[in-house]
Amino acid sequence: MHQDIEKILLSQPEIEAKSAELAEQLKVDYADKRPILLGLLKGSTMFMADLMKTLDIDLQIDFMDVSSYDGAASTGDVKIVKDLDLSVRGRHVIIAEDIVDTGRTLERVIELLRSRGAVSVEMVTLLDKPEARIAPIAAKYVGFTIPKSFVVGYGLDYNEKYRNLPYIGILKQSVYL
């Protein structure tokens, strides 16, 4: 797997430090709100776990499996594969996401949560790729802004591969073209 990586963009210590920093911001903003921390599967699992380790507030967690990718390309067709189990009515929701890319998936999820009565919906993302944005959304809490490259590792994948890399790397184009 490592041989398929063109360049390591972010190391595990850098990611863990930034996750702890974001958790501190969330602690301040949500200390008295008992939010739902909503992970979007599968990519957000490592980042969400890092957040939860230092996010010392009363919260609940849940997950949704939402997809709009086929290989390396966003299809624009957002599919809810697994819906969340908790009701968001009257609740503050923090969506934990691995990367904000085109924004299509998050736009649909935010719209859905608001229609179900969430008091507020904010995003915390490990990575933001604004150059790829199609939908007009922005995460309130951003770990790293990255260039328009295809990245894998630390939960991010290409065809379900590379999620378990302990860093975030740029995938060689020869792998996915």
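Read on for a plain summary of the structure. In this text, all values refer to a predicted model and were calculated from it rather than measured experimentally.

1. As for the overall build of the chain
Within the chain, the secondary structure is distributed over 4 helices and 9 strands. Reading the chain from its N terminus to its C terminus gives the helix and strand order β-α-β-α-β-β-β-α-β-β-β-β-α. Radius of gyration (C-alpha) of the chain: 16 Å, near the 16 Å computed for a compact globule of 177 residues. In terms of its C-alpha atoms, the chain occupies a principal-axis envelope of roughly 50 × 35 × 25 Å. Evaluated residue by residue, the chain yields a buried proportion of 48% over its 177 residues. Relative to all contacts within the chain whose residues are 6 or more apart in sequence, the contacts with residues 24 or more apart total 68%.

2. Digging into unusual backbone geometry
In this chain, leucine 41 is followed by lysine 42 through a cis amide linkage whose omega measures 0°. Inspection of the secondary structure assignment puts lysine 42 in the loop between β2 (36-41) and α2 (45-54). With phi around 45°, arginine 34 is a residue other than glycine that occupies positive phi space. Topologically, arginine 34 is positioned in the loop between α1 (12-30) and β2. On the basis of relative accessible area, arginine 34 is assigned to the partly exposed category, the value being 37%. For tyrosine 162, which is not glycine, the phi dihedral falls at a positive 80°. Its place among the elements puts tyrosine 162 in the loop between β8 (151-152) and β9 (168-171).

3. A look at the nonpolar core
Grouped together as the largest cluster of nonpolar side chains are 26 residues, with contacts concentrated most on Leu26, Leu51, Val124, Leu126, Leu127, Val151 and Ile168. Broken down by secondary-structure element, the contributors of at least two residues to this core are α1, α2, β5 (92-100), β6 (120-128), β7 (141-145) and β9. Per-element accounting of this core gives the leading share, 5 residues, to α1. Once residues lying within four places of it in the same chain are set aside, the contact partners of leucine 51 are Ser19, Leu22, Ala23, Leu26, Ala96 and Val124. Among the nonpolar cores identified, the runner-up in size contains 20 residues, and Val66, Val88, Val93 and Val121 belong to it.

4. Thoughts on the sheet that holds β8
Sheet architecture is open: 3 strands sit in the order β1-β9-β8, paired in antiparallel fashion. Edge strands, defined here as strands with exactly one partner in the open sheet, are β1 (5-10) and β8. Of the pairings in the sheet, the one linking β8 to β9 comprises 2 bridges and is antiparallel in character. Bridge pairing in β9 links valine 151 to isoleucine 170.

What counts, and where the lines are drawn
Residues numbered from 1 in each chain as written. Predicted model: local features only at pLDDT ≥ 70, side-chain atom pairs only at ≥ 80, totals over all residues. Heavy atoms only, no water. Helix = DSSP H or I, 4+ residues; strand = E, 2+ residues; numbered from the N terminus. Rg over C-alpha atoms; globule rule 2.2 N^0.38 Å. Buried < 20%, exposed > 50% of the residue type's maximum accessible area, 1.4 Å probe, protein only. Contact = heavy atoms within 4.5 Å. Core = buried A, V, L, I, M, F, W, Y, C linked by side-chain atoms within 4.5 Å. Pairing = 2+ DSSP bridges.

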